[in-house]
Amino acid sequence: MKKNISDYEKVLKARDLNRPHIDEFINNIFDEFIELKGDRLQADDESILGGVALLDGIPVTVIGQKKGREANENIRCNFGMTSPEGYRKSIRLMRQAEKFNRPVVTFIDTPGAYPGKEAEMHGQSLAIAECMSVMSDLKVPIISIITGEGNSGGALALMVSDKIWMLENAVFAILSPEGFASILWKDATRADEASELMNVTADKLLQFNFIDKVINEDKLLYKNIAANLKNEIRRLLKVSPEVLISERYDKFRNIDRCGRAVR
């Protein structure tokens with residue numbers, strides 16, 4: 001039997017440096033992968049890894065947030081905190097996917113969008129809003145998988161999807177438990193209490209219908225994700241673009257009902 005752990009312990013598990021990163025998911029789930037770089041406007045943000053892959057012969061576009069493993073890579077990837085250039089790169093890849101009728105798979109793992117002055121000067125809030133807007137109207141299937149941390153608009157920017165799945169020890173919230181505790185109680189050390197109030201874990205978010213599936217973190221992790229992706233993508237490819245967009249709209253319009261249930 002699995003040991004029951006607290007919500008905050010799951011938050012710490014989601015932040016563990018040894019959790020699978022986007023590179024491992026790509027290498028173990030997809031048959032081939034060609035990386036595409038740059039936003040064709042200013043720069044390439046290494047916190048976003050994206051490109052074209054094959055999933056059992058099905059061409060797909062893969063976009064994932066990358067934190068890095070060691071110090072130099074962490075710095076290059078800005079610890080997974082995406083800048084406007086990263087969101088614009090994601091938009092470019094999604095528009096390309098739509099043009100060639102490729103489903104989109106996004107992998108979410110971020111402590112939040114990069115909050116620095118430079119990001120704000122380069123249009124951070126607009127880039128996030130545009131990313132969400134593009135995803136809401138995209139005419140191809142979109143599946144998002146939260147693999148670690150999914151915090152704030154930095155995560156939601158890549159989650160306007162037909163299906164949202166979470167690894168069992170992943171978390172999603174509008175801000176970190178430490179930030180929540182600092183605002184509510186002026187005491188970040190009460191993050192464990194905040195985690196319980198915020199309902200950040202996969203099992204609770206499934207209960208409130210915010211996500212569609214919880215994926216067990218066991219030795220069959222990659223095989224299970226691949227099998228689920230193949231089945232769901234094949235099903236969604238049979239759905240007309242008009243129905244996809246309409247159902248995606250309805251899905252996110254109903255999120256407020258989940259919020260009322262949580263409160």
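Residues numbered from 1 in each chain as written. Predicted model: local features only at pLDDT ≥ 70, side-chain atom pairs only at ≥ 80, totals over all residues. Heavy atoms only, no water.

Colleague: Explanation requested: unusual backbone geometry in the structure shown.
Modeller: Glycine aside, residues mostly have negative phi angles, and peptide bonds mostly take the trans form. Although it is not a glycine, Asp56 adopts a positive phi angle of roughly 50 degrees. Of note, Asp56 is situated in the loop between strand S2 (48-55) and strand S3 (58-65). Although it is not a glycine, Ser152 adopts a positive phi angle of roughly 60 degrees. Note that Ser152 resides in helix H7 (residues 152-156). (Helix = DSSP H or I, 4+ residues; strand = E, 2+ residues; numbered from the N terminus.)

Colleague: What am I meant to see in helix H2 (residues 22-29) here?
Modeller: Three or more residues of H2 are buried, namely Ile22, Phe25, Ile26 and Ile29. Angularly, the buried residues of H2 cover 95 degrees about the axis, an arc narrow enough to put them on a single face. (Buried < 20%, exposed > 50% of the residue type's maximum accessible area, 1.4 Å probe, protein only. Arc of directions from axis to C-beta.)

Colleague: Honestly, the pattern of salt bridges in this entry has me stumped. Any pointers?
Modeller: When their charged atoms lie close together, side chains carrying opposite charge are able to pair. The full count for this structure, using the stated rule, is 19 salt bridges. Among the salt bridges present, the one from Arg15 reaches Glu178, with a minimum N-O distance of 2.8 Å. In this pair, Arg15 is assigned in helix H1 (residues 7-15) and Glu178 in helix H8 (residues 177-185), connecting sequence segments 163 residues apart. Given a relative accessible area of 26%, Arg15 falls into the partly exposed group. Between Arg88 and Glu85 there is a salt bridge, with the nearest N and O atoms lying 3.8 Å from each other. One end of the pair is Arg88 and the other is Glu85, both in helix H4 (residues 84-99) and three residues apart, which spans about a single turn. For Glu85, a relative accessible area of 8% puts it in the buried group. Overlapping salt bridges, with partners in common, bring together Arg15, Lys67, Asp109, Glu149 and Glu178 in one network. (Salt bridge = Lys/Arg side-chain N within 4 Å of Asp/Glu carboxyl O.)

Colleague: So what exactly am I meant to see when it comes to the pairing of strand S6 (residues 163-167) here?
Modeller: The two faces of a sheet get side chains in turn, since along a regular strand they alternate between them. For S6, the tally of buried residues reaches four of five residues, placing the bulk of the element in the interior. Bridge analysis of strand S5 (residues 142-151) against S6 gives four bridges, and the strand direction is parallel. Counted as the bridge partner of Ile146 is Met166 from S6. Both S6 and strand S8 (residues 213-215) contribute to a ladder of three bridges, which runs parallel. Along S8, the bridge assignment pairs Met166 with Val214. (Pairing = 2+ DSSP bridges.)

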